[in-house]
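Below are the chains, spelled out letter by letter.
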Amino acid sequence: MKNLGYTDDFLLKQGNTFNLIKDIDDNSIQLIVTSPPYNIGKVYEKRQKLAEYLKAYADFAKELYKKIAERGHVCWEVGNYVEDGEAYPLDIFFYNIFKDAGFKLRNRIIWHFEHGLHASKRLSGRYETILWFSKSDNYTFNLDPIRVPSKYPGKRSFKGANKGLPSGNPLGKNPSDFWKIIESDWDKEIWEIPNVKANHPEKTIHPCQFPIELVQRCILALTNENDLVFDPFMGIGSSAIASLMHQRRFLGFELDKDYIKMSQDRIQKFQNGLLKIRPLGKPVYQPTGREKVSQVPTEWSKLCE
Ligand SMILES: C[S@@+](CC[C@H](N)C(=O)[O-])C[C@H]1O[C@@H](n2cnc3c(N)ncnc32)[C@H](O)[C@@H]1O
């Protein structure tokens, strides 16, 4: 990053990613983890025709390919673009863009969450996807740090040399390509403190921020300590915080100076131990059925008979 004058191992840079990318050293990045604008008219983007929007990313993906180290990866998180009520899952288009740039897909991860807008003319959307690509076949992959508890840890082999011995892994099982990471602790908050508004411990005013837990998984599995993590659409710095938590170097670009300022404030809070972070792997709250809001209202009980 000599051309950008970076001397630090940790840098947040305000500016346009499509221009700044050229100044990053080739083969220097171990992981790109990001969520680009979806072209759906959020405050930070200008809506374009879908083809126009995608065109800019074709060249961008080729640039990213040059910047990534031989054992490195991209985790590209997207949802749907919607035009005149018709849905266009963006990962379908981005798959081809990244494939054409030379990347190889390893998983299409489903990120499932429970809450969001209720659709009236189609089914409500409750997942987005993370396309995980690597640059080569010789890539970094650390499964142990992201293992999750086994469903049946007491299972034993019933034949062969290991007959009678535990058959699973004591560190847990592979988390699979279906990630249930909550966007909002709405459930728990509303049950425990009635009438408190939707609240995730990490929530800020940014309309589309990552849960830090989601980035942590990508970082732990796909990088090692001191590797460089890059987020070209950094928002309010969730990927920066996850990198700091796990002793990775970090580079982030963000167009909006207020988001840069918010990222810096969150990082400062994190360093002072004051940032509320939902712990990695904390189970998602399951209603027991005894809570008032999980019971059918008396006015409806006749209709439900
Ligand atoms: C989907 S949000 C990413 C949110 C982020 N994952 C987080 O946790 O905060 C996309 C971000 O990209 C920024 N952005 C949009 N176009 C950009 C560009 N050309 N260069 C740099 N940043 C851009 C937006 O301001 C927005 O904050």
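Everything in this summary refers to the structure shown in the same document. On a predicted model such as this, the values are computed, not experimentally measured, just so you know.

Conventions adopted
Sequence positions are assigned chain by chain, starting from 1 and proceeding in written order. Given that this is a predicted model, residues contribute local features only at a pLDDT of at least 70 and side-chain atom pairs are listed and counted only at 80 or more, while totals for whole chains, interfaces and linings are drawn from all residues. Side-chain metrics rest on all non-hydrogen atoms present in the structure, leaving aside hydrogens and water. Note on aromatic pairs: the rings of Phe, Tyr and Trp (six-membered ring only in Trp) are paired at centre separations within 6.5 Å, and the planes decide the class, stacked below 30 degrees, edge-to-face beyond 60, tilted for the rest. Note on geometry: a ring has a charge over it if NZ (lysine) or CZ (arginine) is within 6 Å of the ring centre and within 35 degrees of the ring normal. For two strands to count as paired, DSSP must find a minimum of two bridges between them. For the purposes of this entry, the term helix denotes a DSSP run of H or I that reaches at least four residues, the term strand denotes a run of E that reaches at least two, and both are numbered from the N terminus. Fitted lines through C-alpha atoms serve as axes, helices being fitted only where they are in contact, and the angles separating the N-to-C directions of these axes extend from 0 to 180 degrees. Residues are treated as being in contact if the distance between any of their heavy atoms lies within 4.5 Å. Residues enter a nonpolar core if they are buried and are Ala, Val, Leu, Ile, Met, Phe, Trp, Tyr or Cys, with the set joined through side-chain atoms within 4.5 Å. Throughout this description, buried means an accessible area under 20% of the type-specific maximum (1.4 Å probe, protein chains only), exposed means over 50%, and partly exposed covers the range between. In the sections that follow, a salt bridge refers to a side-chain nitrogen of Lys or Arg positioned within 4 Å of a carboxyl oxygen of Asp or Glu. By definition in this entry, angles of less than 35 degrees are roughly parallel, angles greater than 145 are roughly antiparallel, angles of 65 to 115 are roughly perpendicular, and the rest are oblique. In this scheme the crossing of two helices becomes right-handed for a clockwise turn of the near helix relative to the far one and left-handed for an anticlockwise turn of less than a right angle. Three classes are used, and their members are as follows: Ala, Val, Leu, Ile, Met, Phe, Trp, Tyr, Cys and Pro are nonpolar, Asp, Glu, Lys and Arg are charged, and the others, Gly among them, are polar. Any pair of cysteine sulfurs within 2.5 Å is marked as a disulfide.

A short note on the packing of aromatic side chains
Using the criterion set out here, one finds 26 aromatic pairs in the structure. An aromatic cluster is present here, built from F18, Y53, Y57, F60, Y65, W76, F94, Y95, F98, F103, F133 and F233 joined pairwise through their rings. The lysine or arginine in question, K135, covers the ring of Y65, its NZ or CZ lying 4.8 Å from the ring centre. Geometry around W179 places R217 over its ring, the cationic atom sitting 4.9 Å from the centre.

Considering the sheet that holds strand β9 (residues 228-231)
If you walk across this open sheet you meet the 8 strands as β1-β10-β9-β2-β3-β7-β6-β8, and the pairing is mixed. Looking at strand neighbours, the two that pair on one side only are β1 (10-14) and β8 (178-180), the edges of this open sheet. Averaged over all adjacent pairs, the angle separating strand axes in this sheet is 15 degrees, with direction ignored. With 8 bridges joining them, strand β6 (residues 104-112) and strand β7 (residues 127-134) adopt antiparallel strand pairing. The residue of β7 that forms the bridge with L105 is F133. Seen against the sheet, helix α7 (residues 257-271) touches β1 and β10 (249-254) and runs at an angle of roughly 160 degrees to β1.

Notes on the nonpolar core
Counting 32 residues, the largest nonpolar core has L64, W76, F94, F98 and F230 as its most contacted members. Taken together, the elements giving at least two residues each to this core come down to β2 (29-34), α2 (50-67), β3 (68-78), α3 (90-101), β7, β9 and β10. Tallying contributions element by element places α2 first for this core, with 7 residues. Counting 31 residues, the second largest nonpolar core, distinct from the first, contains F113, W132, L220 and M234.

Examining helix α5 (residues 212-222)
Of all 11 residues in α5, 11 are buried, a share of seventy percent or more. Those residues of α5 that fall on the buried side of the exposure criterion are I212, E213, L214, V215, Q216, R217, C218, I219, L220, A221 and L222.

Focus on the pattern of salt bridges
According to the stated counting rule, one finds 9 salt bridges in the structure shown. For R108, the salt bridge identified is with D91, shortest N-O distance 2.7 Å. Placement of the pair is R108 in strand β6 and D91 in helix α3, with a sequence separation of 17 residues. The buried category is assigned to D91, whose relative accessible area is 5%. We note a salt bridge from R147 to D144, for which the minimum N-O separation is 2.7 Å.

Remarks on the packing of helix α6 (residues 238-245) against α7
Packed helices, taken two at a time, are described by their axes: the angle between them and the distance between them. In the contact formed by α6 and α7, the axes pass within 9 Å of each other and the chain directions differ by 25 degrees. On the basis of their axis angle, the class for α6 and α7 is roughly parallel. Where α6 crosses over α7, the handedness of that crossing is right-handed. Along the contact surface, α6 presents S238, A240, I241, L244 and M245, while α7 presents R266, I267, F270 and Q271. For the contact of α6 with α7, the residue count by class is 6 nonpolar, 2 polar and 1 charged.

As for the pairing of β6
Looking at chain direction, β6 and β8 are connected through 3 bridges and run parallel. Within the sheet, the bridge partner assigned to H112 lies in β8 and is K180.

A short note on the side chain of S263
On the secondary structure map, S263 appears in helix α7. With relative accessibility at 0%, the residue S263 sits in the buried group. Residue contacts for S263: discarding those within four places in its chain leaves L12, M234, G235, I236 and G237.

So, the state of the cysteines
Per the counting criterion, the structure on display carries 0 disulfides. Here C218 stays unpaired: no disulfide links it, and the sulfur of C75, its closest cysteine neighbor, is 3.9 Å away.

So, the environment of G168
Mapping G168 onto the fold places it in the loop between β7 and β8. Among the residues examined, G168 registers a relative accessible area of 52% and is labelled exposed.

Quick word on α6
Most of α6 sits inside the fold, with 6 of its 8 residues counted as buried. Looking at α6, one finds that the buried residues are S238, S239, A240, I241, A242 and S243. Each element contacted by the buried residues of α6 is listed here: β1, β2, α5, β9, β10 and α7. Of the residues flanking the end of α6, it is Q247, one or two places downstream, whose phi is positive at about 55 degrees.

What to know about the pairing of strand β5 (residues 86-89)
Residues in a regular strand project their side chains so that they alternate between the two faces of the sheet. Strand direction decides the pairing type here: strand β4 (residues 80-83) and β5, joined by 4 bridges, are antiparallel. Of the residues in β5, the one forming a bridge with Y81 is Y88. Hairpin connection, β4 to β5: the antiparallel pair is bridged by 2 residues, and D84 has positive phi, about 50 degrees.

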